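Here is what each chain is made of, one letter per residue.
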Amino acid sequence: MRTKPAKPHLPTIAAVLLLACGFILLGLTASPEAMAQEDTQENAQENTGQIDYAGFQALTAEAAPHRAARLVPLETFNTMRADPDTLIIDARSAQAFALGHIEGAVNLNFSDFTEEKLAAVIGPKDRRILIYCNNNFTDDVAPVPLKSAPLALNIATYVNLYGYGYRNLYELDGAYGLSDERVVWAGNEG
């Protein structure tokens, strides 16, 4: 017995085509925000281990109490600075460093922080390190223009050094004028 081929059911075909066109149009009209979020999620999966914001947040939380206990006033900073085994790191740009810095500081631009570069400049991980930044000065002029307080370079510098395993860190606390005689400034001001 021979069966007749089934006839296409036009309303079903039309519904499927309409639905397919709807999905295509929806994809073409997706918001840039939705597309960016999708792209970010895809990149996060591809770059696992290369960029770890959650890890940075955890590191910052771990470093916070350590940092809070290591903020030192200028007098203590200067006493520590006098020790020849102590290193003062200025993480600003080379240009800002050349215009002026605390005497005895070495310039290691923040963007150059790597395990190898830090080891070459600092030496042993237990060496005492002092840090400071623009926001430790009240003048708000070159070479120390104020940064937004939550973005002050000493915070990022401290967290990064801590993250690389340096724990003998101290950070200058407070803000001082460049003309303060206790600030021993070197370089070509202005």
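Residues numbered from 1 in each chain as written. Predicted model: local features only at pLDDT ≥ 70, side-chain atom pairs only at ≥ 80, totals over all residues. Heavy atoms only, no water.

## A few points about the overall build of the protein chain
Let me state the cut-off plainly: Secondary structure counts use DSSP, requiring at least four H or I residues in a row for a helix and at least two E residues in a row for a strand, with both numbered from the N terminus. Here the term buried applies to any residue with accessible area under 20% of the maximum for its type, exposed to any over 50%, and partly exposed to those in between, with areas from a 1.4 Å probe on protein chains only. Note on contacts: a residue pair qualifies if any of its non-hydrogen atoms lie within 4.5 Å across the two residues. Using a 1.4 Å probe, accessible areas were evaluated by the Shrake-Rupley method; residue-level cover was limited to the displayed protein chains.
Assigned secondary structure in the protein chain consists of seven helices and seven strands. Burial analysis of the protein chain (190 residues in total) assigns 29% to the buried set. A separation threshold of at least 6 residues defines the contact pool for the protein chain, and within that pool the share at least 24 residues apart is 69%. For the protein chain, the computed accessible surface area is about 12100 Å², with 59% contributed by carbon and sulfur atoms.

## Thoughts on the packing of aromatic side chains
As a reminder of what qualifies: Think of it this way: a Phe, Tyr or Trp ring, Trp meaning its six-membered ring, pairs with another when their centres are within 6.5 Å, and the plane angle makes it stacked under 30 degrees, edge-to-face over 60, tilted otherwise. Should the NZ of a Lys or the CZ of an Arg lie within 6 Å of a ring centre and within 35 degrees of the ring normal, that charge is described as sitting over the ring.
Applying the stated criterion across every chain yields a total of three aromatic pairs. Here Phe 110 and Phe 113 contribute two aromatic rings whose centre-to-centre distance is 5.2 Å and whose plane-to-plane angle is 55°, an arrangement assigned as tilted. Here Tyr 132 and Phe 137 contribute two aromatic rings whose centre-to-centre distance is 6.1 Å and whose plane-to-plane angle is 90°, an arrangement assigned as edge-to-face. Among the aromatic residues, those joined into a ring-pair cluster are Tyr 132, Phe 137 and Trp 185. Positioned above the aromatic ring of Tyr 166, the side-chain terminus of Lys 125 is 5.4 Å from the ring centre.

## Focus on the pairing of strand E2 (residues 87–90)
We count it as follows: In this description, strands pair whenever DSSP reports at least two bridges between them.
Side chains Leu 87 and Ile 89 project from E2 onto one buried face, and the interleaved Ile 88 and Asp 90 project onto a second face that is buried too. Bridge analysis of E2 against strand E5 (residues 129–131) gives three bridges, and the strand direction is parallel. Residue pairing across strands places Ile 88 opposite Leu 130, the latter belonging to E5.

## Details of helix H7 (residues 153–163)
Among the residues of H7, those classed as buried are Leu 153, Asn 154, Thr 157, Tyr 158, Val 159, Leu 161 and Tyr 162. Check the buried side of H7 and you find it contacts helix H3 (53–68), E2, helix H6 (115–122), E5 and strand E6 (169–172).

## Regarding the packing of H3 against H7
Stated precisely, the cut-off is as follows: The axes are straight lines fitted to the C-alpha atoms, using for helices just the contacting stretch, and the angles between their N-to-C directions are given from 0 to 180°. An angle below 35 degrees is treated as roughly parallel, one above 145 as roughly antiparallel, one from 65 to 115 as roughly perpendicular, and anything else as oblique.
H7 packs onto H3 with a crossing angle of 100° between their chain directions and a minimal axis gap of 9 Å. As far as their axial angle goes, H7 and H3 are roughly perpendicular. Residues Phe 56, Leu 59, Thr 60, Glu 62, Ala 63, His 66 and Arg 67 of H3 pack against Ile 155, Tyr 158, Val 159, Tyr 162 and Gly 163 of H7.

## With respect to the pattern of salt bridges
Definition in use: Any Lys or Arg side-chain nitrogen located within 4 Å of an Asp or Glu carboxyl oxygen qualifies as a salt bridge.
Across all of its chains, the model carries seven salt bridges by this definition. Note that Arg 92 and Asp 90 form a salt bridge whose closest N and O atoms lie 2.8 Å from each other. Using a relative accessible area of 4% as the deciding quantity, one classes Arg 92 as buried. The exposure class assigned to Asp 90 is buried, which follows from its relative accessible area of 0%. Lys 125 is the partner of Glu 115 in a salt bridge, and the nearest nitrogen-oxygen pair spans 2.9 Å. Placement of Glu 115 in helix H6 and of Lys 125 in the loop between H6 and E5 is noted, with a sequence separation of ten residues between them. For Lys 125, a relative accessible area of 36% puts it in the partly exposed group. Through salt bridges that share partners, Glu 75, Asp 180 and Arg 182 make up one connected network.

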